[in-house]
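Secondary and tertiary structure notes
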Amino acid sequence: MFLALRESVEDALEVALSAHGFPTGDLGIEEPPEDVDSVLASSVAFRLASEAGAPPPQVAQQLADEIDVDELHYVDRVETQGPYLNFLPSDAYVEATVERATDPTYGHLEDREESVVVEHTSANPTGPVHVGRARNPIIGDAVSNLLETAGYEVDRHYYVNDAGRQIAVFTWAYETFDEDDLETDPERDRIEYDLVRYYRKGNAYLESAPEAEVEAAEAEIESIMQGLEAGEEQAYERVTEVVDQVLSGMKACLARLPAEFDEFVKETRFMKDGSTDDVVSRLKELDGAVYEAEAWQLELDEQGIDKNLVFLRSDGTSLYPTRDLAHHEWKLENYDRAVTVLGEDHKLQASQIRETLELLGTDTSDLRQVLYSYVNLPEGKMSTRRGTGVDLDDLLDEAISRARDEVESRLDDRIRDDDLDEADIERIAHQVGIGAVRYDIVSKQPTKAITFEWEQALDFEAQSAPYVQYVHARCCGILNESADADDLDVDDLDAVVETLAADVDAPALETDAEQHLVETIARFPAVIDEAADDLQPHQVATYTREFADAFNAFYRECPVLSDDVDPEVREARLALVAASRHTVANALSVLGVAAPRSM
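Thresholds applied
Residues numbered from 1 in each chain as written. Predicted model: local features only at pLDDT ≥ 70, side-chain atom pairs only at ≥ 80, totals over all residues. Heavy atoms only, no water. Helix = DSSP H or I, 4+ residues; strand = E, 2+ residues; numbered from the N terminus. Buried < 20%, exposed > 50% of the residue type's maximum accessible area, 1.4 Å probe, protein only. Contact = heavy atoms within 4.5 Å. Areas by Shrake-Rupley, 256 points an atom, 1.4 Å probe, with all protein chains shown as cover. Lys, Arg positive; Asp, Glu negative; His and termini not counted. Charge placed at Lys NZ, Arg CZ, Asp CG, Glu CD. Phe/Tyr/Trp six-rings, centres within 6.5 Å; stacked < 30°, edge-to-face > 60°. Lys NZ or Arg CZ within 6 Å of the ring centre and 35° of its normal. Salt bridge = Lys/Arg side-chain N within 4 Å of Asp/Glu carboxyl O. Axes fitted to C-alpha atoms, helices over the stretch in contact; angles between N-to-C directions. Parallel < 35°, antiparallel > 145°, perpendicular 65-115°, else oblique. Nonpolar A, V, L, I, M, F, W, Y, C, P; charged D, E, K, R; others polar. Pairing = 2+ DSSP bridges. Polar contact = N/O pair within 3.5 Å; in protein donor to acceptor, adjacent residues only side chain to side chain. Expected span 1.5 Å × (residues − 1). Arc of directions from axis to C-beta. Right-handed = clockwise from strand over helix to strand, strands pointing away.

Glancing now at the overall build of the chain. Helix and strand content of the chain: 21 helices and 14 strands. Along the three orthogonal principal directions, the C-alpha set of the chain runs to about 90 × 65 × 40 Å. Per-residue burial over the chain gives 55% buried out of 599 residues. Long-range contacts, defined here as pairs at least 24 residues apart, represent 74% of the contacts in the chain between residues at least 6 apart. Total accessible area computed for the chain in this model is approximately 26,200 Å², and 42% of it derives from carbon and sulfur atoms. If the 50 positive side-chain charges of the chain are averaged to one point and the 132 negative ones to another, these points end up 5 Å apart.

Backbone torsion omega between Leu-257 and Pro-258 reads -5 degrees, so that peptide bond is classified as cis. With respect to the helices, strands and loops of the structure, Pro-258 is situated in the loop between helix 9 (233–255) and strand 7 (263–266). Not every positive phi belongs to a glycine, and Ser-122 is a case in point at roughly 45 degrees. Relative to the assigned elements, Ser-122 resides in the loop between strand 5 (115–119) and helix 5 (135–149).

The next point concerns the packing of aromatic side chains. This structure, assessed with the given rule, holds 21 aromatic pairs. Pairing Tyr-159 with Phe-270 gives two aromatic rings, centres 6.5 Å apart and planes at 50 degrees, and the pair type is tilted. Residue Tyr-159 is located in strand 6 (residues 153–160), and its partner Phe-270 is located in helix 10 (residues 269–272); the two are separated by 111 residues in the primary sequence. We note that Tyr-159, like Phe-270, is buried. Ring centres of Tyr-291 and Trp-296 lie 5.7 Å apart, and the angle between their planes is 65 degrees; on these two criteria the pair is classed as edge-to-face. Given the relative accessible area of 24%, Trp-296 is considered partly exposed. Through pairs of rings, three or more aromatic residues link up here, namely Tyr-159, Phe-270, Tyr-320, Trp-330 and Tyr-335. We note Lys-201 situated over the ring of Phe-177; from NZ or CZ to the ring centre the distance is 5.7 Å.

This brings us to the pattern of salt bridges. Applying the stated criterion to the full structure yields 33 salt bridges. Its salt-bridge partner being Arg-100, residue Asp-103 comes within 3.7 Å of it at the nearest N-O pair. The class of Asp-103 is partly exposed, set by a relative accessible area of 32%. Arg-165 is the partner of Glu-218 in a salt bridge, and the nearest nitrogen-oxygen pair spans 2.9 Å.

Right, let's get into the packing of helix 6 (residues 165–176) against helix 9. Direction vectors running N to C along helix 6 and helix 9 enclose 95 degrees, while the axes themselves pass 9 Å from each other. Classed by the angle they form, the pair helix 6 and helix 9 counts as roughly perpendicular. Residue-level inspection shows Ile-167, Phe-170, Thr-171, Tyr-174 and Glu-175 of helix 6 in contact with helix 9, the latter providing Arg-238, Val-239, Glu-241, Val-242, Val-243, Gln-245 and Val-246. By residue class, the composition of the contact of helix 6 with helix 9 is seven nonpolar, two polar and three charged.

In terms of strand pairing, strand 8 (residues 289–292) meets strand 9 (residues 295–298) through four bridges, oriented antiparallel. Among the inter-strand pairings, Glu-292 is bridged to a residue of strand 9, identified as Ala-295. Where strand 8 hands over to strand 9, the hairpin turn is made up of two residues, of which Ala-293 adopts a positive phi near 55 degrees.

Our next topic: the sheet that holds strand 4 (residues 84–89). The strands making up a sheet associate through hydrogen bonds between their backbones, and the pairing can be parallel or antiparallel. The sheet built from four strands is open, its strands ordered 1-2-4-3 with antiparallel pairing. The open sheet is flanked by strand 1 (29–30) and strand 3 (75–81), the only strands paired with a single partner. Examined bridge by bridge, strand 1 and strand 2 (residues 40–42) share two bridges and lie antiparallel to one another. By the bridge assignment for strand 2, Ile-29 is matched with Ser-42. Sitting on the sheet, helix 1 (residues 2–19) touches strand 1, strand 2, strand 3 and strand 4, and the angle it makes with strand 2 is about 25 degrees.

We now examine the environment of Phe-177. Tracing the sequence through the fold places Phe-177 in the loop between helix 6 and helix 7 (191–208). Sequence separation of Phe-177 and His-472 is 295 residues, and the distance between their C-alpha atoms is 53 Å. Sequence-distant contacts of Phe-177, defined by excluding residues within four places in its chain, comprise Trp-172, Tyr-198, Lys-201, Gly-202 and Tyr-205.

Glancing now at the environment of Arg-410. Mapped onto the elements, Arg-410 comes out in the loop between helix 14 (392–409) and helix 15 (422–442). A residue is classified by how much of its surface remains accessible, and Arg-410, at 26% relative accessible area, is partly exposed. Considered as a pair, Arg-410 and Met-599 are 189 residues apart in the sequence and their alpha carbons are 8.9 Å apart. The contacts of Arg-410, once residues within four sequence positions are left out, are Phe-460 and Glu-461. Side chain to side chain, Arg-410 and Glu-406 meet in a polar contact 3.0 Å long.

The subject of this paragraph is the sheet that holds strand 12 (residues 367–372). On the basis of which strands lie adjacent, the open sheet formed by five strands has the order 7-6-5-11-12 and parallel pairing. Of all strands in the sheet, those bounded by a partner on one side alone are strand 7 and strand 12. Averaged over all pairs of adjacent strands, the angle between their axes in this sheet comes to 25 degrees, without regard to strand direction.

Let us now look at helix 8 (residues 211–230). Helix length check: helix 8, at 20 residues, gives a terminal C-alpha distance of 28 Å against a target of 28 Å (1.5 Å per residue), a fit within 8%. Of the residues making up helix 8, those classed as buried are Val-214, Ala-217, Ile-221, Ile-224, Met-225, Gly-227, Leu-228 and Glu-229. Looking at the buried side of helix 8, the elements it contacts are helix 6, helix 7, helix 9, helix 10 and strand 10 (309–313). In the stretch just after helix 8, Gly-231 is the one whose phi turns positive, near 80 degrees.

To continue, consider helix 1. Over its 18 residues, helix 1 runs 26 Å from end to end, which matches the ideal 26 Å to within 8%, given 1.5 Å per residue. For helix 1, every residue scored as buried is listed here: Phe-2, Leu-5, Ser-8, Val-9, Ala-12, Leu-13, Ala-16 and Leu-17. The buried residues of helix 1 occupy an angular sector of 170 degrees when the element is viewed end-on, so they sit on one face. Within two residues after helix 1, Gly-21 carries a phi angle of roughly 75 degrees, on the positive side.

What follows is about the pairing of strand 5. It is a general feature of regular strands that their side chains alternate between the two faces of the sheet. Counting buried positions along strand 5 yields five of five residues, so the element is predominantly enclosed. Residues Ser-115, Val-117 and Glu-119 point to one face of strand 5 and Val-116 and Val-118 to the other, with burial holding for every one of them. As paired strands, strand 5 and strand 6 are joined by five bridges and run parallel to one another. Counterpart to Glu-119 in the pairing with strand 6 is His-157. Read from strand 5 through helix 5 to strand 6, the crossover connection turns out right-handed. In this sheet, strand 11 (residues 337–343) lies alongside strand 5 in parallel orientation, the contact comprising four bridges. Among the inter-strand pairings, Val-117 is bridged to a residue of strand 11, identified as Ala-338.

Here it is as structure tokens:
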């Protein structure tokens, strides 16, 4: 309803401004402070004071007098407060918000009939996913969810680097060494933990083996790379045997978040179909193309980039950026928009790719990048058996373990009387633990480096995932109790209030806490709309914390099921609880965080 109200306010302001001959380019619409009763405000009178030859409060009043409130369905009245015009909601706004928000799809915007490919994670298939890279799948998945909720048709892609030197080394090592040659056992019973030992063994061998043996190994590695470049099927088969096995383990790790993909696009695809060769030919024809330092390079000084893009080695093999250019051309040909989630260390390469695409004649206006800084863990908080870093699996295991301890410590203090068995506790521990990791990471602005702190992430009282998740669990508890049932299915919970929402009487929700909660619920679709435009899912996380505060204030001040509550008020508040449940569940869903029914 907020979007509809904002649109009608914009129209009314434009009419009022035009009536006085004022320009309508800047309406000054903003959300007022919490202590102001209005849903929207306008500061346009500030801008017009000199042009109108009158003080801003007088201009504001002139505009307010010009607006016909009877034509604004969701606005009850327009008031001035100094230079501001405040638009106060009508009963129809309250009633329509509660009714709309009890729909399970609340917050989902209309179909935009526009396709978007979101490429994220794309970690090299050389071993387990490291925690430092965990921000990519978490942000990438949230961006994908956000765009989908905002009405876009979204495909989630993982771009697989299966053609570089690292993969050639991995393939050679896998074929060269036996299990007996490896010095350590796998750290985990999954395929990528097993095979990464071959990769490490191969790299160690190349650093320390006798020169003649290293030369022979390098010759074999080079032959694999040349074979891929020449389109030799045998070379592809050799590489694929290693890559697909490692990738299967990485998929299992990412599924724990969960982060799933519609397609794994291999870069060798663009070598086999001739796209890479075509890009190389066109790059050589550009004015900035030079051959120096035994490689073909593209000078980008005129584009403000002082580092050349190297696109072809002297031996005729292409590089990752070359193949990525072909990949980007393919994306922009097949989708209306393309979004890539990248670590900050790829910022230069992202700029090179964008500028080079433009030089090649590709319009990049529909290409956007989301850059993020890395995740750190406090020194000494966690370590692995090899002591060289922390894998994402380690972080998730630790999160679940800590969440389980926290849930068990709270069993005696729970308000709800539903008995939780071991399966319930384990399920909640997964939902809370993994939710805490995701929420803590996605709630920060991507460009800011973050240090993951367990105490903050799993704090049930602070503004964390459990704090927000608990609101959903509390809503479910109230609805269960209202139906005198211990454990209703989600669909049954909706049925409890499906008739109530349509009959909500706005005056029954008269307290400040109720009004504030309604207004917060109403803003949710607008939050989705703005966050999707900005590609910033952390805005949704911020909203969930504001929502949790609003709901908790309502819960403290407005009893729902007490015997002394008027039946009409009780039904209105129940409908508001149902609306709250859908709002918080759908907001958490965008972030990829589970909404537990019990905690």
